[in-house]
Amino acid sequence: MAFWSCCPWLVLLCAYTWGHPKPVDQKTEDVRNCSTSPQYLPVTAVNTTVRLNALRQQMHTKNLSAYIIPDTDAHMSEYIGEHDKRRAWITGFTGSAGTAVVTMEKAGLWTDSRYWTQAEREIDCNWELHKEVGTAPIVKWLLTKIPAGGRVGFDPFLFSISSWKSYNMTLQGSDRELVSITTNLVDLVWGSERPPVPSQPIYILQEAFTGSTWQEKVSCIRSQMQKHPKTPTAVLLSALDETAWLFNLRSSDIPYNPFFYSYTLLTDSSIRLFVNKSRFNSETLQYLNSSCTGSMCVQLKDYSQVRDSVQAYASGAVRVWIGTSSTTYGLYKVIPEEKLVADTYSPVMVTKAVKNSKEQDLLRASHVRDAVPVIRYLVWLEKNVPKGTVNEFSGAELLDKFRGEEELSSGPSFETISASGLNAALAHYSPTKEFHRKLSSDEMYLVDSGGQYWDGTTDITRTVHWGTPSAFQKEAYTRVLIGNIDLSRLVFPASTSGKMVEAFARRALWEVGLNYGHGTGHGIGNFLSVHEWPVGFQSNSINMGKGMFTSIEPGYYQDEEFGIRLEDVALVVEAKTKYPGTYLTFEVISLVPYDRNLIDVSLLSPEQLQYLNNYYQTIREKVGPELQRRQLLEEFAWLQQHTEPLSSRALCSTSSATMLAVSAFVILGWSV
């Protein structure tokens, strides 16, 4: 109140404005009802009767009692192409996580809480929805649905090694058999309706946007093979980003990811790339030295030959190095155990996690440019949300449009999370054209978005409130911000695991009994994956090292009310310490200010406040000139206002009063 007492006219002006809230579009949940007669299905539900009957006929020919349909592809990709969305096609459920199981009499879908409502809108009454995940509940259900002696089929190229081990172990002693079926039964049923395999060109990423040549990368991996204590003779690469990174090649087979379907078998004397050769032009063929057979010549093999080729290679006196996190059981099982060199992550996965100086500069530059569309969007929202004309979906579309106008843009890096009010309490909610809410000045709004650029991949989350947040909302927001700051400014010994320092992002929340249920961060690529493993703060992440990039994204979610997340991308750099030693810290490269309206400065320590003001000065220095260069004068003025130094004292300075007045005018829709 001390802050407002110096500006009574602003109190009256904003009280008038906030006293007339805009209506909020609250759509009813149109979900299936299988208990009525007749059963009720929303228009969004898919009739799967014919599909299930056809699948059961295929199961009968294979003498199967059940068939498991996971939600991945043959490369264990996080995002999958339309060609590989088998579970979505057989169930009608389009969520990104879930497993379907079909028996001769029943069909079940397992998914997590993010997708329960969506599933009820999309699946018909042929399906039981199970609100749990993991192997154990699926096997428990199977044991009640199929008789002793039953055979449970699966596609070995859609099962990770760990999934196969989990199902196999859980079924042991149950008198049910897990059976590998190399021909996918859903594909047989899908038939001609199945989307075609992508055929767009695979292109060379220009040298200006790469950190090393493909020849240098190949030499580096071969050097690691020679130094490995088990002296592997080959490395098998299954993850799509591994091959894309190794050869500096890109395409667009996978939504939001510049990858192409491929495998690589890199031996000590040869390079085999399994891919659709027709997608290369003559320039790319020459670039890969594909016309020769030497150790630095890329032999192009048909994509479908990978299993037979690996099996033939493994019959010799060899050892094959794999990353178990991205290798399917279908390839794993053709390599004799005594010839396997198995690590969680392949040497390519670990090597590309550490960016060299050129790659670091490229990623920094992409984040400077990426700040521009985010700031444009936030300025536009401030002007238009009070009019009641913006909803979650239209807002997300506009932000994607702003990003698409940026230099070197190659589209979004994931589906934009645009969530208002209670929808933001769902950590990974995304609106659709049919289901969304209007944005309101009376609610918090969370936007998590990112872009793919030729020089880097971006991911940033900001949470804002255009009206009067509650005291609890401000406290929760500020404590999330403190967690972001405390982890970002942390100094820690080199080779520390991310899991060991992750608690710094939660400490301020824990102090008052709050927490969040998702991870604190993930790696990010150079025009590659927005979620690039194995960097991050999970228990299975590799130790932190200089040159790695990770997101830092604490949050808080109040069920049925609001959600908060503040996400930045940071580079691991050497820390300057008083005494000699090898210590690391983070350099934040995301450059968009936080919402001043939600910060309770009294909760910040002097060190946290100084860090925040230094960060704001960095934003001014790096993003300000970019806005001026483009003549984005309104956005530049907004940036200047939102990066003014914060004071620990609640004083009504002239600059603060001016900013409040401008905000009030914007809420009223007046021009300033």
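Right above here is the structure, for reference.
Residues numbered from 1 in each chain as written. Predicted model: local features only at pLDDT ≥ 70, side-chain atom pairs only at ≥ 80, totals over all residues. Heavy atoms only, no water.

Asks: Mind showing me how you'd approach the pattern of salt bridges here?
Replies: Scanning all chains against the criterion turns up 34 salt bridges. One salt bridge in this structure joins Glu 443 and Arg 437, with 2.9 Å as the shortest N-O distance. For the pair Glu 443 and Arg 437, one class covers both residues: buried. Each member of the salt-bridge network shares a partner with another, and the members are Glu 475, Arg 479, Asp 486, Arg 507 and Glu 511. (Salt bridge = Lys/Arg side-chain N within 4 Å of Asp/Glu carboxyl O. Buried < 20%, exposed > 50% of the residue type's maximum accessible area, 1.4 Å probe, protein only.)

Asks: Honestly, the sheet that holds strand β17 (residues 444–449) in this entry has me stumped. Any pointers?
Replies: Note: strands within a sheet are paired through backbone hydrogen bonds, in either parallel or antiparallel orientation. The strand order β16-β17-β20 describes an open sheet built from 3 strands, whose pairing is antiparallel. Each edge of the sheet is formed by a strand with only one pairing partner; in this case those strands are β16 (417–420) and β20 (460–465). Strand after strand, the sheet turns through a mean of 10° between neighbouring axes, direction not considered. Bridge count for β17 against β20 is 6 bridges, and the pairing is antiparallel. Among the inter-strand pairings, Ser 449 is bridged to a residue of β20, identified as Ile 460. (Pairing = 2+ DSSP bridges. Helix = DSSP H or I, 4+ residues; strand = E, 2+ residues; numbered from the N terminus. Axes fitted to C-alpha atoms, helices over the stretch in contact; angles between N-to-C directions.)

Asks: I tried to follow helix α11 (residues 306–313) on my own but got confused; where do I start?
Replies: Residues spaced three or four apart along an α-helix face the same direction, because each turn holds 3.6 residues. For α11, the set of buried residues is Val 306, Ser 309, Val 310 and Tyr 313. Looking straight down α11, one finds its buried side chains confined to an arc of 95°; they lie on one side. Buried residues in α11 make contact with β8 (234–237), β10 (263–267), β11 (271–274), β13 (320–323) and α12 (329–332). (Arc of directions from axis to C-beta. Contact = heavy atoms within 4.5 Å.)

Asks: Can you walk me through the state of the cysteines in this structure?
Replies: The term disulfide refers to a covalent linkage connecting the sulfur atoms of a pair of cysteines. Counting across every chain of the model gives 2 disulfides. What pairs with Cys 34 in a disulfide is Cys 125, and their sulfur atoms sit 2.0 Å apart. Taking the sign of the S-S torsion, -95° for the link of Cys 34 and Cys 125, the bridge is left-handed. Of this pair, Cys 34 sits in the loop between α1 (8–18) and α2 (49–61) while Cys 125 sits in the loop between α4 (116–122) and β4 (128–130), placing them 91 residues apart in sequence. According to the relative accessible area criterion, Cys 34 is partly exposed, its value standing at 32%. (Disulfide = S-S within 2.5 Å.)

Asks: I keep staring at the environment of Asn 540 and nothing clicks. Help me out?
Replies: Relative to the helices and strands, Asn 540 resides in the loop between β23 (532–536) and β24 (549–552). Classification of Asn 540 as partly exposed rests on a relative accessible area of 46%. Taking C-alpha positions, Asn 540 is 24 Å from Pro 156, a pair spaced 384 residues apart along the chain.

Asks: Even after reading the chapter, I still don't get helix α15 (residues 392–404), so can you show me in this structure?
Replies: The end-to-end C-alpha distance of α15, which contains 13 residues, comes to 18 Å, matching closely the 18 Å that a straight helix rising 1.5 Å per residue would cover. If you follow the buried residues of α15, they end up packed against α14 (357–384), β15 (409–412), β16, β17, β18 (451–453) and β20. With a side-chain oxygen lying 2.9 Å from the backbone nitrogen of Phe 393, the N-terminal cap of α15 falls on Asn 391. (Expected span 1.5 Å × (residues − 1). Polar contact = N/O pair within 3.5 Å; in protein donor to acceptor, adjacent residues only side chain to side chain.)

Asks: Would you mind showing me how to read the packing of helix α19 (residues 606–629) against helix α20 (residues 633–642) here?
Replies: Packed helices, taken two at a time, are described by the angle between their axes plus the distance between the axes. Two numbers describe how α19 lies on α20: the axes approach to 10 Å, and their chain directions differ by 175°. Judged on the interaxial angle alone, α20 and α19 are roughly antiparallel. Facing α19, whose interface residues are Tyr 616, Ile 619, Arg 620, Val 623, Gly 624, Leu 627 and Gln 628, α20 presents Glu 635, Phe 636, Leu 639, Gln 640 and His 642. Its residues assigned to classes, the contact of α19 with α20 comprises 6 nonpolar, 4 polar and 2 charged. (Parallel < 35°, antiparallel > 145°, perpendicular 65-115°, else oblique. Nonpolar A, V, L, I, M, F, W, Y, C, P; charged D, E, K, R; others polar.)

Asks: What exactly am I supposed to notice about the nonpolar core here?
Replies: For soluble globular proteins, the rule of thumb is that nonpolar side chains tend to be buried together. Grouped together as the largest cluster of nonpolar side chains are 82 residues, with contacts concentrated most on Leu 381, Phe 586, Tyr 594, Ile 599 and Leu 612. A per-element tally of this core places α14 first, with 9 residues. Discounting residues that sit within four places of it in the chain, Leu 612 has contacts with Leu 481, Ile 485, Tyr 594, Ile 599, Leu 604 and Leu 646. Listed in part, the 39 residues of the second largest apolar core include Ile 221, Trp 321, Ile 524 and Val 530. (Core = buried A, V, L, I, M, F, W, Y, C linked by side-chain atoms within 4.5 Å.)

Asks: How should I be thinking about unusual backbone geometry in this particular structure?
Replies: Among all residues save glycine, negative phi is the norm, and among peptide bonds the norm is trans. The amide bond that connects Ser 37 to the next residue, Pro 38, takes the cis arrangement and shows omega of 0°. By secondary structure assignment, the location of Pro 38 is in the loop between α1 and α2. The amide bond that connects Trp 533 to the next residue, Pro 534, takes the cis arrangement and shows omega of 15°. By the secondary structure assignment, Pro 534 is in strand β23. For Asn 63, which is not glycine, the phi torsion reads 55° and is therefore positive. Locating Asn 63 in the fold gives a position in the loop between α2 and β1 (66–69). Under the relative-accessibility criterion, Asn 63 is labelled exposed at 54%. The backbone of Tyr 256 shows a phi angle near 70°, a positive value even though the residue is not glycine. By the secondary structure assignment, Tyr 256 is in the loop between β9 (249–250) and β10.

Asks: Which parts of the structure should I look at to understand empty space enclosed by the protein?
Replies: One way to see where empty space is left: roll a probe the size of a water molecule over the atoms. For the coordinates displayed, the defined rule picks out 3 cavities of 30 Å³ or more. The volume enclosed by the largest cavity comes to roughly 60 Å³. If you trace the largest cavity, you find it lined by Leu 205, Phe 209, Thr 210, Gly 211, Lys 217, Trp 245, Asn 248, Arg 250, Glu 359, Asn 526 and Leu 528. Residues of the lining of the largest cavity, tallied by class, amount to 4 nonpolar, 4 polar and 3 charged. (1 Å grid on protein atoms, 1.4 Å probe; cavity = no way out; pocket = protein on both sides within 12 Å on 5 of 7 lines; lining within 4 Å. Points joined across faces, edges and corners; volume = space filled by probe spheres on them.)

Asks: Please explain the packing of helix α5 (residues 135–145) against helix α6 (residues 161–171) as it appears in this structure.
Replies: Taken N-terminus to C-terminus, the directions of α5 and α6 make an angle of 40°; their axes are 10 Å apart at the nearest point. With respect to α6, the axis of α5 lies oblique. In the packing of α5 onto α6, the handedness of the crossing is right-handed. On the side of α5, the interface is formed by Thr 135, Ile 138, Val 139 and Leu 143, while α6 contributes Ser 166, Tyr 167, Thr 170 and Leu 171. In the contact of α5 with α6, the residues fall into 5 nonpolar, 3 polar and no charged. (Left-handed = near helix turned anticlockwise from the far one by under 90°.)

Purely geometric numbers; function is a separate question.
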